[in-house]
Amino acid sequence: MTIFKTSPNGKLSGDLRVPGDKSMSHRSIMLGSLAEGVTHVSGFLNGEDCMATMNAFRAMGVDIVEKSSTDLVIHGVGMSGLQAPKNDLDMGNSGTAMRLMTGLLAGQTFDSTLVGDESLSTRPMNRIIKPLSMMGAVIESEQGGRPPLCVKGGVSLKGIHYDSPIASAQVKSAVLLAGLYASGETSVTEPGITRDHSERMLRGFGYDVSTTGDKGEYISLQGAGTLTATNIDVPADISSAAFFMVGASIAKGSDLTLRHVGINPTRTGVIDILKLMGADIGLSNQQEVGGEPVADIRIRSAKLKGIHIPEELVPLAIDEFPVIFIAAACATGETVLTGAEELRVKESDRIQVMAEGLKTCGINCEVTPDGIIIQGGQLSSGTIESHHDHRISMAFAIAGLRASGEITINDAANVDTSFPDFVKLASSVGLGISARAGS
Ligand code: S3P
């Protein structure tokens, strides 16, 4: 077990490029593997989650060469070139890997079994099993739609329209990826806007995806097309950058620039929320790289105030709430979050687990069925359990900047799922943090 300890009174300054975007890294492996030709990926996130996806495609016969930890060469095998894996495919801690892969595997000629770690094995999969079954997929799960998932091969899929009851990019993507193997048109609508990396990257690989509606609500594609290899430049992950946006906002005297961060409008809820709270955040060097917008983000410390977080921003900041809660704990007044029940089925129940941790650190908060109410105050020292959740570990590491004493975070090795070298990079810009092995 890895234990983090933070020391108080740090400030964040200088320049930092956080690791590559997790969502795009997963998708680059999936689409690069199924493309015709050779795809070069730079800026790849070599965290455990994306390595699980990489290992799965290697196990299905795809040659993926790591030129460096962040530069890959993927020798695509074409849409029907995957081979049956000899063993179960281990998705580790990654919901994205499991849900998107299930969509793709539903259209293969061979059977496959997807397994995950303790946290992933408790996460709901009926949300993808239902629409994929409507397409003709045959998927067996444990009781209640939990992993492992056994996906039957050799079935014919047919295109459907799926009106998803939840705003989830993983559900949308699983259906669209199965749609690549389905007859006719597959389309998805959902109750809120979610990240559109699948759609953008499919287009980057030359696949026609149509998005219609004022805000892009109706997404459709035709099955039986092909993907053409391309080059992918993965920007820094805004979800990893978010820890430092909050850190620099709450730590007095901070002035930090985060380089080459993906600012896809379906991901920038954290910037909007922090700005509503009074954060001093500026964007520069805005450019489009490989179909995705990127920018440098400068954050200076500011006095934050509590807000009622607009519900339409929730899906656009879905992974950033643990650290947004830390911002709320350091703000004056009350912050209210509603419409965020999805947080309960992430790597942990992020509402409950964050509330426990905040209370341990002396912050008053009240859990509600779909959110939380946090009273800003003074963070104290305390010992936090991460509950197998990387973003809980990192959120409380950032809290250390404003805590009156040391914060200890147990079971923190999970940061490697999305942010390898977190301790080294965070220390380099001023976070007082150390990691040690514990029992
Ligand atoms: C992701 C979608 C989101 C997000 C996850 C990555 C993706 O999950 O929380 O970290 O890459 O599609 P949901 O679709 O379950 O909201």
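As the structure is a prediction and not an experimental result, all values here were calculated from the model.

How each quantity is defined
What you see as residue numbers is a count from 1 along each chain, following the sequence as written. With pLDDT at 70 or above as the cut-off, local features in this predicted model cover only qualifying residues; side-chain atom pairs require 80 or more to be listed or tallied, and sums for whole chains, interfaces and linings still use all residues. Excluded from the side-chain calculation are hydrogens and water; included are all heavy atoms of the structure. Under the pairing criterion, centres of Phe, Tyr and Trp rings, with the six-membered ring standing for Trp, must be within 6.5 Å; the plane angle then separates stacked pairs below 30 degrees from edge-to-face pairs above 60, leaving the rest tilted. Here's how the labels work: a residue is buried when its accessible area is under 20% of the maximum for its type, exposed when over 50%, partly exposed in between, all with a 1.4 Å probe on protein chains only. Here a strand pair is declared whenever DSSP counts at least two bridges between the two strands. Going along the chain from the N terminus, every DSSP run of H or I of four or more residues is numbered as a helix, and every run of E of two or more is numbered as a strand. Interaxial angle, 0 to 180 degrees, is taken between N-to-C directions of lines fitted to C-alpha atoms, where a helix line uses only the stretch in contact. Here, residues are in contact when the closest pair of their heavy atoms is within 4.5 Å. Polar contact criterion, stated in full: a pair of N or O atoms within 3.5 Å, where within protein one must be able to donate a hydrogen and the other to accept it, and residues adjacent in sequence count only if both atoms are side-chain atoms.

Visitor: In this structure, what is going on with the packing of aromatic side chains? I would like to understand it.
Guide: For any pair of aromatic rings, the description rests on two quantities: the centre-to-centre distance and the angle between the ring planes. Taken as a whole and judged by the stated rule, the model has five aromatic pairs. Seen in terms of ring centroids, Phe419 and Phe422 are 5.2 Å apart; in terms of plane orientation they differ by 80 degrees. Their pairing is edge-to-face. Like Phe422, Phe419 is buried. By the ring-pair criterion, three or more aromatic residues cluster together here, those being Phe4, Phe244, Phe419 and Phe422.

Visitor: For this particular structure, what's the right way to read the sheet that holds strand 5 (residues 72-77)?
Guide: Note on sheets: strands pair through backbone hydrogen bonds, and any given pair is parallel or antiparallel. Spatial strand order, 4-5-3-16: four strands in an open sheet with mixed pairing. Unpaired on one side and paired on the other, strand 4 (63-66) and strand 16 (231-233) mark the two borders of the sheet. The average undirected angle you get between the axes of adjacent strands in this sheet is 15 degrees. Helix-sheet contacts for helix 2 (residues 48-59) involve strand 4 and strand 5, and the interaxial angle to strand 4 is about 135 degrees.

Visitor: Would you take a moment to explain the sheet that holds strand 22 (residues 371-375) for this structure?
Guide: Read from one edge to the other, the open sheet built from three strands follows the order 20-22-21, with strand pairing classed as antiparallel. Of all the strands in the sheet, the pair left with one neighbour each is strand 20 (334-337) and strand 21 (365-368). Ignoring strand direction, the axes of neighbouring strands in this sheet form an average angle of 5 degrees. The pairing of strand 21 with strand 22 spans four bridges and is classified as antiparallel. Bridge pairing links Thr368 to Gly371 in strand 22. Strands strand 20 and strand 22 of the sheet are contacted by helix 9 (residues 321-329), whose axis makes an angle of about 25 degrees with strand 22.

Visitor: In this structure, what is going on with the side chain of Ser94? I would like to understand it.
Guide: Within the element layout of this structure, Ser94 appears in the loop between strand 6 (89-90) and helix 3 (95-105). Residue class for Ser94 comes out buried when judged on its relative accessible area of 1%. A polar contact of 3.4 Å, which involves the side chain of Ser94, links it to the side chain of His26. Once residues lying within four places of it in the same chain are set aside, the contact partners of Ser94 are His26, Asp49 and Leu120.

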